[in-house]
Amino acid sequence: DVMVHPHQYASKKHAQKNTGVIKNSILRYPRSMTIDAIAEACVTGHVVAFCHAEDTGIKKSFTADCWRYQQIYALDLDNAGKDQKKFDCPYYMEYADALDHVEKQGFSPAFIYTTGSHTDDFHKYRMVFVLDRPITSSLDHERVQKAFMSMLAIDGHTLLDSSCIEPSRVFY
């Protein structure tokens, strides 16, 4: 299960301007979708939360308290700050190399897609993985995220955007 906001945004910037509206309404849009349909939503301007969440009755907004379970994990590989060039970044990894890196460890993402910040000169992308079973506790969720961070690390430096691991993250 995932949550997919029904509005298609023309850009990440446009979606980010509407974060409050999205967070206040996305709980109304839980979906059981195929991986292909989720991938399509990701690349056509929909905002996606890769978990099942429910209204707590306390707040109407999507917060970590709303998180119930998750089987699909999206990993954000930004490679570095916006002003860096790939030649200046010792931990830069293009998506083909990142795919090879995780496959050598015995893992295969369900799909990979470039993000709104991606350029031909500096790759920014997401790898989406589907686990064998849903994760139902926040402690196990944290363990899964830490395992992904270790898997996508070079010399102890994670390639993942660590701000994208909280349970109530929405992806633009």
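Here the residue numbering is sequential within each chain, running from 1 through the sequence in written order. Per-residue local features are limited, in this predicted model, to residues with pLDDT of at least 70; the limit for side-chain atom pairs, both in listing and counting, is 80 or more; totals at the level of whole chains, interfaces and linings are taken over all residues. Hydrogens are left out, water is left out, and the side-chain values use all remaining heavy atoms of the structure.

**Here we look at the overall build of the protein chain**
Item 1. Helix and strand assignments follow DSSP, with helices taken as H or I runs no shorter than four residues and strands as E runs no shorter than two, numbered in order from the N terminus. Across its full length, the protein chain carries five helices and nine strands.
Item 2. Taken over C-alpha atoms, the radius of gyration is set against a globule rule of 2.2 Å times the number of residues to the power 0.38. For 172 residues, the compact-globule estimate of 2.2 N^0.38 gives 16 Å, and the protein chain sits close to it at 16 Å.
Item 3. For the protein chain, buried positions account for 42% of its 172 residues.
Item 4. A fraction of 68% describes how many contacts in the protein chain between residues 6 or more apart in sequence connect residues 24 or more apart.
Item 5. Using a 1.4 Å probe, accessible areas were evaluated by the Shrake-Rupley method; residue-level cover was limited to the displayed protein chains. Within the structure as shown, the protein chain displays about 9200 Å² of accessible surface, and the carbon and sulfur contribution to it stands at 49%.
Item 6. His residues and chain termini do not enter the charge count, which takes Lys and Arg as positive and Asp and Glu as negative. Here the site of a charge means atom NZ of a Lys, CZ of an Arg, CG of an Asp or CD of a Glu. Where the 19 positive side-chain charges of the protein chain centre and where its 22 negative ones centre are 8 Å apart. Think of it in three bands: with a 1.4 Å probe and only protein chains considered, a residue is buried below 20% of the maximum accessible area for its type, exposed above 50%, and partly exposed in between. Two residues form a contact once any of their heavy atoms are found within 4.5 Å.

**Thoughts on the side chain of His46**
Item 1. For His46, the position within the fold is in the loop between α3 (35-43) and β3 (48-49).
Item 2. You can call His46 buried: its relative accessible area is 15%.
Item 3. Contacts described as polar in this section are N or O atom pairs within 3.5 Å, which, within protein, must combine one atom able to donate a hydrogen with one able to accept it, while residues neighboring in sequence count only if both atoms come from side chains. A polar atom in the side chain of His46 sits 2.8 Å from the backbone oxygen of His5.
Item 4. For His46, the residues in contact, after removing those within four places along its chain, are Val4, His5, Pro6, His7, Gln8, Ala41 and Phe171.

**Quick notes on the packing of aromatic side chains**
Item 1. The rule is short: rings of Phe, Tyr and Trp, with Trp giving its six-membered ring, pair when the centres are within 6.5 Å, and they are stacked under 30 degrees, edge-to-face over 60, tilted in between. Summed over the entire model, instances satisfying the criterion amount to five aromatic pairs.
Item 2. Relative to Phe171, the ring of Phe50 has its centre 5.4 Å away and its plane inclined at 65°; by these criteria the two rings are edge-to-face. In this pair, Phe50 is assigned in the loop between β3 and β4 (52-53) and Phe171 in the segment after β9 (157-158), connecting sequence segments 121 residues apart.
Item 3. Using a relative accessible area of 2% as the deciding quantity, one classes Phe50 as buried.
Item 4. Ring centres of Tyr95 and Tyr125 lie 5.6 Å apart, and the angle between their planes is 70°; on these two criteria the pair is classed as edge-to-face.

**Looking at helix α5 (residues 138-151)**
Item 1. Taking 1.5 Å per residue, 14 residues should reach 20 Å; α5 reaches 20 Å between its end C-alpha atoms and fits that length.
Item 2. Those residues of α5 not exposed but buried are His141, Val144, Gln145, Phe148, Met149 and Met151. Projected onto a plane normal to the axis of α5, the buried residues spread over an arc of 165° and lie on a single side. Residues Arg143 and Ser150 are exposed on α5 and point more than 90 degrees away from its buried face.
Item 3. The inward-facing, buried residues of α5 contact β5 (67-77), α4 (95-104), β7 (125-135), β8 (153-154) and β9. The length a helix should cover is 1.5 Å for every residue beyond the first. For this quantity, the arc is that covered by the directions from the helix axis to the C-beta atoms.

**Concerning unusual backbone geometry**
Leave glycine aside and you will find that most residues have negative phi; peptide bonds, for their part, are mostly trans.
Item 1. Within the chain, Asp155 stands out as a residue other than glycine whose phi angle is a positive 50°.
Item 2. Considering the arrangement of structural elements, one finds Asp155 in the loop between β8 and β9.

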